[in-house]
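# Fold and contact review
Residue-level listing of the chains:
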Amino acid sequence: MLILEKFDEYTKVEVLRELKHLYKKINELKEDQKNFRKLSKAVEQSPVSVLITDYKGNIEYVNPKFSIVTGYTLEEVFGKNPRIFSSGRTSLSEYKNLWDTINSGGEWIGEFLNKRKNGDLFWENASISPIKNESGSTTHFVAIKEDITQRKIIEAELKEAKSKAEEMNKIKSIFLANMSHELRTPLTGVMGFASLLSDELTDPYLKEMANIILQSTMRLTETVNSILDLSKIEAEKLTLKISRVNLAEVVKNIADQFKQTAKEKNIFLDIVVRNDNSIAELDKSLVVQIIKNLIQNAVKFTSKGGVAVEIERIKINSKSFVEVRVVDTGIGIDQKNFAKIFEPFRQVSEGLNRGYEGPGLGLTITKKYVELLHGEIFVESNIKLGSKFIVRFPTVVERKLLGKKNIEPENQLDISKGSNESTSSNLLIVEDDELNRSTIEHYLKNFYNFESVSSGESAVKVVKKKKYDIILMDIALKGMSGLEAAQLIKKVPGNQNIPIVAVTAYAMIGDKERLLKGGCTHYLAKPFTQTSLLSLIKSILK
Ligand code: ADP
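Residues numbered from 1 in each chain as written. Predicted model: local features only at pLDDT ≥ 70, side-chain atom pairs only at ≥ 80, totals over all residues. Heavy atoms only, no water.

### What about the sheet that holds strand β12 (residues 386–394)?
Here we have 5 strands laid out as an open sheet, ordered β7-β9-β10-β12-β11, and mixed in their pairing. What marks the edges here is a single partner per strand, and that holds for β7 (268–273) and β11 (376–382). In this sheet, neighbouring strand axes are inclined to one another by 15° on average, regardless of whether the strands run parallel or antiparallel. Where β7 meets strand β9 (residues 306–316), 6 bridges bridge the pair, whose relative direction is parallel. Bridging from a neighbouring strand, Leu269 pairs with Val307 of β9. Sitting on the sheet, helix α8 (residues 247–264) is in contact with β7, β9, β10 (319–328) and β12, with an inclination near 170° to β7. (Pairing = 2+ DSSP bridges. Helix = DSSP H or I, 4+ residues; strand = E, 2+ residues; numbered from the N terminus. Axes fitted to C-alpha atoms, helices over the stretch in contact; angles between N-to-C directions. Contact = heavy atoms within 4.5 Å.)

Encoded structure:
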């Protein structure tokens, strides 16, 4: 300030202004330095590798993480081209694409398989982009890279595990298809004759025996069906048939089937309809299965008191639902087992000393069906006091959720028995298994005229001589298969439109479609009851 006193006023002002300007510049530089330190610390301490090259691609900087990942220090790589890390596995066209992208000012993102200093290969995910100066020309390139070797190993393991699982699933499907065929064929005979015996026999002791055979076969058929149902859901091949379902009515019908068992166990089975409207848009066959499984379990696990089924229309957040609550006073379920009981093949009591029979599939299928219908299922239970299974069905189906291709209009068959006018119709049975053939013959004898042959070849021969109204065709025939026979029969003049029912133990997903495409017009899975055979024939002759 003393120096300033020597200047005149004008110079003083000028010098002061200049000093102020310098002071501001110094502060700005200080601030820049602070920012620079902050940024370089961030780069140095970054958990990802950072590499900077000049515009020709020669390395000018690498951060410590880069050295940890590659094993090279900055001194070792300074001035070199990043191609020293190349494993030789990246194609020239990929490098060309990289350079084209960054030279035209863009950011390149991709993966490299590179080589560390010790020769080990490693995977990197890289983002490379140009750094430009104020005039817009590229001065440097910056690469930010992440070591993704571990992720790649896990991905490869997952891929392998997935393909193994798919392979296992294929084997499972083949096994199920074979088992289904092997179990259904003999079941048709056993079920058919047991039901005929139970109708014909008058001796109560023998009748009882026939009934036990019939019930056991039905149980076995149910188990086979449950396993098939589950595999159908798992393969996501289930077609929903949506219609307006009266839940109170469904519950009443199902409960009727269990009235006798409840009476024998000396327990009550009540239905409580809380309000009038219990109609919802659902797939009736799934709903029947859901409610049947729940009532069946409730009756099975209750030996004192009884079972009450409540139906109530409720509103939650202005959305309407019908709730079906199956409440029992049975053995109850420990809370720790709530999740387990919905898993396939699981039961609360398992192992050799398990207390109750059953395949452990009922609740698994029930839950999957409820979810397919966009409903919810809950369980509340106390050990020794009883259980409450609550199913909440939405009343209106949201079609966009279901997906159009999975919805079919409901197509219910009239299952009343064949009428007398039907006897004028002529049927041809093609079946090489004697037991199955005579079961079908017994089923039809009071209702239709029929003839039987035991091979596809004979079937083709007889249709040339006589006109039939329906052909019941076994598929797995020895010699000419049922499908080949069906195709040849259709070529016989006058038979182009003859109904051919594939009567088969191939009841796996896709089998029906395959047979219908291959020349058959209808499909009946073995084992079948007399009612289902007659109702199918009736619907065809209509
Ligand atoms: P299962 O075919 O063996 O009956 P589920 O999947 O229907 O199989 O049921 C699984 C298990 O859940 C049963 O074995 C039983 O331990 C338990 N469970 C189901 N319903 C009830 C119930 N109402 N009361 C007590 N336990 C039940």
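Here the narrative resumes, following the displayed structure.
### Quick look at the pairing of strand β5 (residues 138–147)
Bridging between strand β1 (residues 49–54) and β5 involves 6 bridges; their strand directions are antiparallel. In the strand pairing of β5, Thr53 is matched with Phe141. Relative to β5, strand β4 (residues 121–132) runs antiparallel, the two being bridged by 9 bridges. Bridge pairing in β5 places Ile131 opposite His140. Counted along the chain from β4 to the antiparallel partner β5, the turn is 5 residues long, and its residue Gly136 has a positive phi close to 95°.

### Comments concerning helix α13 (residues 456–465)
Every buried residue of α13 is listed here: Gly456, Ala459, Val460 and Val463. Take α13 and look down its axis: the buried residues cluster within an arc of 100°, on one side only. Exposed residues on α13 whose side chains face more than 90 degrees from its buried face are Lys461, Lys464 and Lys465. On the buried face of α13, the contacting elements are β14 (426–430), β15 (449–453), β16 (470–474) and α14 (482–491). (Buried < 20%, exposed > 50% of the residue type's maximum accessible area, 1.4 Å probe, protein only. Arc of directions from axis to C-beta.)

None of this, on its own, says anything about what the molecule does.
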